Amino acid sequence: MSRTRDQALDAAVMLIGAEGIRALTHGRVDTAASLPPGSTSNHFRTRAALVAGVAEWIARRELGDAGVPEVTTRDELVDALTRMVEVQSGPLSARTRARYALFLETDDDAVRPLREQRAGMEAWLRSILSRLGGDAAASRTAFLMAAADGLLLHRITVDPAAPIVDVITRAVDASLGH
């Protein structure tokens, strides 16, 4: 992937995360990325192509960042989910806001990479819950993901300092039937 394309995508994510999807234009991305005018449109001819490129970029980055650790205990699961929420609501909060904006304001084709990345995360979590608590726990995967997503949304919109560990611990315990 070209350096210019990478710069444009990084800038596009930051723009969406800071100002919403309507801020995403080729010219604004060029400016935000300190690229010559027309650079972004050389890689993404249309706005739809740019939106799809951003969604794919976020999905790839999130998969790479997740590092999906091997989780064999309840405490490791609490730690892994806590770290994910900390990072996504802290240093990567602009990317998280951009992901939410894309889900809310673009079509299904554009966010397909994000949905696929999320399905992979769901499968990973389901397999952990199954190992730790059987079929009953695995059936609570959507609950645990919703609890983590709710906490993440709360931290990036209302209270950046909201406690994480207690919420994640309670959600994991409820999922495992403890």
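The residue numbers shown here count from 1 along each chain, following its written sequence. With pLDDT at 70 or above as the cut-off, local features in this predicted model cover only qualifying residues; side-chain atom pairs require 80 or more to be listed or tallied, and sums for whole chains, interfaces and linings still use all residues. To get the side-chain values, all heavy atoms of the structure are used, and hydrogens and water are removed first.

### Details of the overall build of the protein
Convention followed: The way it works is that DSSP assigns letters per residue, a run of H or I at least four long becomes a helix, a run of E at least two long becomes a strand, and they are numbered from the N terminus. Relative accessibility thresholds used throughout: buried, under 20% of the residue-type maximum; exposed, over 50%; partly exposed, between the two (1.4 Å probe, protein chains only). What makes two residues a contact is simply this: any of their non-hydrogen atoms within 4.5 Å. Using the Shrake-Rupley algorithm and a 1.4 Å probe, accessible areas are obtained, with residue cover drawn only from the displayed protein chains. Here Asp and Glu are counted as negative and Lys and Arg as positive; His is not counted, and neither are the chain ends. Throughout, a charge is located at the NZ atom of Lys, the CZ atom of Arg, the CG atom of Asp or the CD atom of Glu.
Counting its regular elements, the protein contains nine helices and zero strands. Listed N to C, the secondary structure of the protein is α-α-α-α-α-α-α-α-α in terms of helices and strands. Taken over the C-alpha atoms alone, the protein extends approximately 55 × 30 × 25 Å along its principal axes. A total of 178 residues make up the protein; the buried ones form 44% of that total. In the protein, of all internal contacts separated by at least 6 residues, the share reaching a separation of at least 24 is 69%. Of the roughly 9,000 Å² that the protein leaves accessible, carbon and sulfur atoms contribute 54%. Between the mean site of the 21 positive side-chain charges and the mean site of the 23 negative ones, the protein shows a separation of 4 Å.

### Description of the packing of helix α1 (residues 3-19) against helix α6 (residues 93-105)
Going by this rule: Axis lines are fitted to C-alpha atoms, over the contacting stretch for helices. Their N-to-C directions set the angle, which ranges from 0 to 180 degrees. Here the angle decides the label: under 35 degrees means roughly parallel, over 145 means roughly antiparallel, 65 to 115 means roughly perpendicular, and every other value means oblique. Amino acids outside the nonpolar list (Ala, Val, Leu, Ile, Met, Phe, Trp, Tyr, Cys, Pro) and the charged list (Asp, Glu, Lys, Arg) are all regarded as polar, and Gly is one of them.
Taken N-terminus to C-terminus, the directions of α1 and α6 make an angle of 75°; their axes are 7 Å apart at the nearest point. Between α1 and α6, the angle is such that the two are roughly perpendicular. In this structure, α1 uses V13, M14, I16 and G17 to contact α6, whose residues at the interface are A94, R95, R97, A98, A101 and L102. Of the residues in the contact of α1 with α6, the class split is seven nonpolar, one polar and two charged.

### Here we look at the packing of helix α8 (residues 141-157) against helix α9 (residues 165-176)
Interaxial distance between α8 and α9 falls to 9 Å at its minimum, and their mutual angle equals 170°. In terms of orientation, α8 and α9 fall into the roughly antiparallel class. On α9, the residues touching F143, L144, A147, A148 and L151 of α8 are V167, I168, A171, V172, A174 and S175. Split into classes, the residues belonging to the contact of α8 with α9 amount to ten nonpolar, one polar and no charged.

### Some details on the pattern of salt bridges
Defined as follows: Whenever a carboxyl oxygen of Asp or Glu lies within 4 Å of a side-chain nitrogen of Lys or Arg, that contact is scored as a salt bridge.
Going through the model one piece at a time under the given rule, you end up with ten salt bridges. Where R74 meets D75, a salt bridge forms, and the shortest distance between an N and an O atom there is 2.4 Å. We classify D75 as partly exposed; its relative accessible area is 45%. In this structure, R126 engages E122 in a salt bridge whose closest nitrogen and oxygen atoms are separated by 2.7 Å. In this pair, R126 and E122 are both assigned in helix α7 (residues 112-138), four residues apart and thus about one turn of the helix distant.

### Here's the deal with unusual backbone geometry
With a phi close to 55°, S34 is a non-glycine residue in the positive phi region. Examined against the element boundaries, S34 turns out to sit in the loop between α2 (26-32) and α3 (39-43). Given a relative accessible area of 66%, S34 falls into the exposed group.

### Comments concerning the environment of V167
Note that V167 resides in helix α9. V167 sits 20 residues away from A147 along the chain, and the two C-alpha atoms are 7.9 Å apart.

### Digging into α9
We count it as follows: To estimate how far a helix should reach, multiply one less than its number of residues by 1.5 Å.
With twelve residues, α9 extends 16 Å from end C-alpha to end C-alpha; this agrees with the ideal 16 Å at 1.5 Å per step. Of all the positions in α9, only I168, T169, A171, V172, D173, S175 and L176 are classed as buried. If you follow the buried residues of α9, they end up packed against α5 (74-89), α7 and α8. G177, located one to two residues past α9, shows a positive phi value of around 80°.

### Digging into the nonpolar core
This is how the line gets drawn: Put simply, buried Ala, Val, Leu, Ile, Met, Phe, Trp, Tyr and Cys residues joined by side-chain atoms within 4.5 Å make one nonpolar core.
Ranked by size, the top nonpolar core spans 27 residues in total, and within it I16, L24, V29, V54, I58, L102 and L114 carry the most contacts. Only α1, α4 (47-66) and α6 provide two or more residues apiece to this core. Excluding residues within four positions of it along the chain, I16 makes contact with I21, L24, V54, A98, A101 and L102. Counting 23 residues, the second largest nonpolar core, distinct from the first, contains V71, V85, I128 and A171.

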